[in-house]
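Here is how the chains run, residue by residue.
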Amino acid sequence: MRTLTEHDIRTSFVNCSRGEARRLAVPRDLDSRPWDDLDFLGWRDPGAPDRSYLVTERDGRPVGVTLRFPASRRGFLHRSMCSLCLTTHPGGGVSLMTARKAGAAGREGNSVGLYMCTDLACSLYVRGRKVPESGGRFEESLTLEEQIARTAGNLTAFLDKLFE
Ligand SMILES: [Zn+2]
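Residues numbered from 1 in each chain as written. Predicted model: local features only at pLDDT ≥ 70, side-chain atom pairs only at ≥ 80, totals over all residues. Heavy atoms only, no water.

Examining the coordination of the zinc ion
And then number 1: Bound to the zinc ion are the protein donor atoms Cys82 (SG), Cys85 (SG), Cys117 (SG) and Cys122 (SG), situated 2.3 Å from the metal.
And then number 2: Coordination of the zinc ion draws on donor residues from a single chain, spaced C-x2-C-x31-C-x4-C in sequence.
And then number 3: With relative accessibility at 0%, the residue Cys117 sits in the buried group.
And then number 4: Taking the relative accessible area as the measure of exposure, Cys122 reaches 0% and is therefore buried. (Donors = N, O, S within 2.8 Å, 3.2 Å for Na, K, Ca; no water. Buried < 20%, exposed > 50% of the residue type's maximum accessible area, 1.4 Å probe, protein only.)

Here it is in structure tokens:
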């Protein structure tokens, strides 16, 4: 994806208030992120351990999503495979995250859940730039380009649900 500025990111969020988007923690090292290898930028909030964020592109525009870990039942909700990049993390490195829906549906309290790499580094796992703690990803018959397209497709499907 293209390089985003802090302003791009703060104005991209679709499922939180403007005030929240102004205050949330944006990474300070945006200049050194490997943007060419990212399907989305994802990060944990260092000041709020139950929160993380992702920003991707949809129809050529940045779209940001705030995510929450259902902290009280975290242990109960583990799965071992990320539903975006299909990387397995047997040690519990996949978490259920929930995103409030965009617009009126979100204001009424509706949300969408997603099992996802807890460190939000899906793009790097797919490209082999980061190796999961289990030592590797399962053998894929798909090419790298096909795996990237699949991850992007899974992410698009998730975003579609937020806008339903
Ligand atoms: Zn993942």
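Quick notes on the side chain of Ser123
And then number 1: With respect to the element layout, Ser123 can be found in helix 4 (residues 122-126).
And then number 2: Judged by its relative accessible area of 2%, Ser123 falls in the buried class.
And then number 3: Ser123 has contacts with Asp37, Leu38, Asp39 and Phe40, leaving out every residue within four places of it along the chain. (Helix = DSSP H or I, 4+ residues; strand = E, 2+ residues; numbered from the N terminus. Contact = heavy atoms within 4.5 Å.)

Notes on helix 5 (residues 144-163)
And then number 1: Helix length check: helix 5 (20 residues) gives 29 Å between terminal C-alpha atoms against 28 Å at 1.5 Å per residue, within 8%.
And then number 2: Inspection of helix 5 places Gln147, Thr151, Leu155, Phe158, Leu159 and Leu162 among the buried residues, and these make up the whole buried set. Along the axis of helix 5, the buried positions cluster into a sector of 115°, meaning they face one direction only.
And then number 3: The inward-facing, buried residues of helix 5 abut strand 2 (51-58), strand 3 (61-68), strand 4 (94-100), strand 5 (111-117) and helix 4. (Expected span 1.5 Å × (residues − 1). Arc of directions from axis to C-beta.)

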